[in-house]
Amino acid sequence: MTRAVSRDTTTFGDLRRMWTLLELSRGRVAVAIGWGVLALGSGLGLAALAAWLIARAWQMPPVLDLSIAVVAVRALGISRGLCRYLERLATHDVALRAMTTARTTVYRALARSDFWLRRPEVPRTGHDRSDAPAGETKPPRRGDLLVRVGRDIDDLGAVVVRVFVPVAVALVLSVAAVALLATISPPAAGILAGALALSGIVAPWLSAAAASEAERAIRADRAEFTAQALTVLDHAAELRVAGRLDAALDAAVAASRRAVAAEDRAARRSAWAAAATPLSIGAAVLGALLIGITLYGPDGGAAGAMTPMALVVLVLLPLSAFEAVGPLPAAAQALTTARAALHRLDGFESGSPTGTATDPCDSRPGYDSEPEGRRTRLAPSARLHDARVPELPRGRRIAVVGPSGAGKTTLLMKWAGLFDTPRPGITFFAEDAHLFGTSVLENLRVARGDLTAEDAEKALRTVGLGDWLDGLPEGVHTGLAGGAAAVSGGQRRRILLARALVSPARVLLLDEPTEHLEAEPGAQLLRDLLDVDSGIVEPDRIVVVVTHQLPEDHQADTVLRITASGLVTMEFAARATACDAPDSAHREIPLPSR
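Residues numbered from 1 in each chain as written. Predicted model: local features only at pLDDT ≥ 70, side-chain atom pairs only at ≥ 80, totals over all residues. Heavy atoms only, no water.

A. Representation of the overall build of the protein. When you go through the protein residue by residue, the secondary structure sums to 14 helices and seven strands. Considering only intrachain contacts with a sequence separation of at least 6, the fraction spanning at least 24 residues in the protein is 74%. (Helix = DSSP H or I, 4+ residues; strand = E, 2+ residues; numbered from the N terminus. Contact = heavy atoms within 4.5 Å.)

Spelled out as structure tokens, the structure:
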């Protein structure tokens, strides 16, 4: 459930939310800022000291009078590069840690969100689809998801490298440069402060406006292009057979061209922002030069007048001062892009869970409190967690049978707590779970990270993939190029079943694990899954299987038969189960249906 929450959407409010989402460490950020200040501070000191040294050397003093300055110039030159390297290390360390944290948070929100259950019609156009009615959330397509969990998280991580640290460093160095110049000439310091404000405030504002315009213009087109491109890449053969491949390609190309055109239109403001910094530098240097010439006057160099060293420092120092504010226009663009990414990621946030985890063997089976025989409809997807469904019954081997669309998968997801609080020890294994383009072993490690190659091979042979495994060139270490595209439908189901078997979950909720298998091998596998003594699953674990065709000689403790209207007939085996299931012939209870 997506909950409407009043948020502070101002720039500072978004910055606070970014800091929270990225879980930034104040200490690590402070270290990165410190190294940045030392790096650019070394450059500022180097410029001032080098200017003084040039002018002082012109006076031809004894060499020993310049030895300290010469050594200091060398030290500042070395420290500038060294501190810059350390600042890059510290900043990227913070950013990469933050991006990992943000991705974890987003993946968790994805796992708990129910927006992917909604399937409204989404217009296939490249225009902004943000005109949906209030409160209606459209499920993102695969291309949208890739943009959000990929590029959007990268944009948030760039805030550390391109916004937080550069802005803090620029603020400290600008104050230091103005203060240093004020010791020579307050009017020149005032001109420098104004030029720095133009380069550090006006230029970033123009840059941010350009970035905002580009972001608004290309947001929908970029997602549309990604979605269309993935459709073509994944389903080129089907589209060609249907005669729609050229249309899909044209849609992707059109979306790409619209995005490029929008970026070109927004580039005009970016050009003005880029011109602001060199104009500011020229104005500051020219102003300092004119003030310096006026102050130096005909008596320059005499006792009590401005020295040549002060004049050179006055003119050359502003050149180095702008090094700190130079990255700020890019920082404004990065911040604008990151704010848009943050707002898109807000769609993944779920409301506070209200359910509680229960152990199927710790209490009596819970049923709908409505009178028996009364049928209710499944709540709208936005309120799916409020739907009233029967609790997981007792028994170690449970079969759920019914026609397509009756609500079998919804029932399993409810038992797993996917609509409220995920229940510990209960895991739902979807029939369309993803196979990654990596090795067979790593695909099984999705369920258990410490899985060994030997255990993985054992699980694969248990589900009937022994011959297939023997034919792989590198065994379980063989890569699946293209993920599910590298195997047949039946092999994919068996790999997903093996993934379920190796998981540490005590309760396995399997959604049609034998679909796409040949009739007899599929029926035998189903018998084994529903037989406590078969050895395919440990006897102390609970297995719930959704299927369309239940073998007559099955050994399930409990069978739930769901009709198309949503009525459930629950049948219990006559023998006692590990959870002491009641010896009841059957019991009818209502199941909410769509």
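B. The arrangement of helix α9 (residues 408–415) in detail. With seven of eight residues buried, α9 lies mostly within the body of the structure. Buried residues of α9: Lys408, Thr410, Leu411, Leu412, Met413, Lys414 and Trp415, and no others. Looking at the buried positions of α9, the neighbouring elements they touch are β1 (397–401), β2 (426–429), β3 (507–511), β4 (542–547) and β5 (558–562). Following α9 by one or two positions, Gly417 adopts a phi angle in the positive range, close to 80 degrees. (Buried < 20%, exposed > 50% of the residue type's maximum accessible area, 1.4 Å probe, protein only.)

C. The environment of Phe428, seen in detail. If you trace the backbone, Phe428 turns up in strand β2. Considering only alpha carbons, one finds Phe428 and Trp415, 13 residues apart in sequence, at a separation of 8.5 Å. Setting aside anything within four residues of it in sequence, one finds Phe428 in contact with Thr409, Leu412, Met413, Ala416, Leu418, Leu509 and Asp511.

D. Representation of the pairing of strand β6 (residues 567–572). Burial of β6 is extensive: five of the six residues sit out of reach of the surface. A loop of four residues connects β5 with β6, the two strands running antiparallel in sequence, and Gly566 in this loop sits at a positive phi of about 100 degrees. (Pairing = 2+ DSSP bridges.)

E. Spotlight on the packing of helix α2 (residues 26–58) against helix α7 (residues 308–325). The contact between α2 and α7 brings their axes to 8 Å, and the two run at 155 degrees. Taken together, the axes of α2 and α7 are roughly antiparallel relative to one another. Between α2 and α7 the crossing geometry is right-handed. The residues of α7 that touch α2, namely those facing Leu40, Gly43, Leu44, Ala47, Ala48, Ala51, Trp52, Ala55, Arg56 and Trp58, are Pro308, Met309, Val312, Val313, Leu316, Leu317, Ser320, Ala321, Glu323 and Ala324. Looking at the contact of α2 with α7, its residues break down into 16 nonpolar, two polar and two charged. (Axes fitted to C-alpha atoms, helices over the stretch in contact; angles between N-to-C directions. Parallel < 35°, antiparallel > 145°, perpendicular 65-115°, else oblique. Left-handed = near helix turned anticlockwise from the far one by under 90°. Nonpolar A, V, L, I, M, F, W, Y, C, P; charged D, E, K, R; others polar.)

F. Broad picture of the nonpolar core. The biggest cluster of nonpolar side chains holds 61 residues, and the ones touching the most others in it are Met18, Leu24, Leu156 and Leu192. Sorting the residues of this core by element identifies α1 (11–22), α2, α3 (67–112), α4 (142–182), α5 (186–242), α6 (245–296), α7 and α8 (328–345) as the ones contributing at least two each. Looking at this core, the element that brings in the most residues is α4, giving 14 residues. For Leu156, the contacting residues outside a window of four places in its chain are Met18, Leu21, Leu22, Ala338, Leu342 and Leu345. Formed by 42 residues, the second largest nonpolar core is a distinct cluster that contains Ala399, Ala459, Val476 and Leu496. (Core = buried A, V, L, I, M, F, W, Y, C linked by side-chain atoms within 4.5 Å.)

G. Spotlight on the confidence of the model for the protein. The predicted model of the protein averages 78 in pLDDT, with 79% of residues at 70 or higher. The least confident element of the protein, judged by mean pLDDT, is strand β7 (residues 586–590) at 46; the most confident is helix α10 (residues 440–444) at 93. Confidence drops under pLDDT 50 across residues 1–5; counting only partners more than four residues distant or on other chains, this segment forms twelve contacts. Per-residue pLDDT stays below 50 along residues 350–387; that stretch engages in 84 contacts with residues further than four places along the chain or on separate chains. (pLDDT = per-residue confidence, 0-100.)

H. Looking closely at the packing of α1 against α8. Two elements in contact, α1 and α8, have axes separated by 10 Å at closest approach and are oriented at 70 degrees. One finds that α1 runs roughly perpendicular with respect to α8. Here α1 runs over α8; the crossing is left-handed. Along its contact with α1, which presents Thr11, Asp14, Leu15, Arg17, Met18 and Leu21, the element α8 presents Leu335, Ala338, Arg339, Leu342 and His343. Looking at the contact of α1 with α8 residue by residue, the classes come out as six nonpolar, two polar and three charged.

I. Highlighting helix α13 (residues 489–502). Here α13 is 14 residues long and its end C-alpha atoms lie 20 Å apart, about the 20 Å a rise of 1.5 Å per residue gives. The element α13 is largely enclosed, with a buried count of twelve among its 14 residues. By the burial criterion, the buried members of α13 are Gly490, Arg492, Arg493, Arg494, Ile495, Leu496, Leu497, Ala498, Arg499, Ala500, Leu501 and Val502. Contacts from the buried residues of α13 go to β2, α10, α11 (453–462), α12 (466–470), β3 and α14 (519–529). (Expected span 1.5 Å × (residues − 1).)

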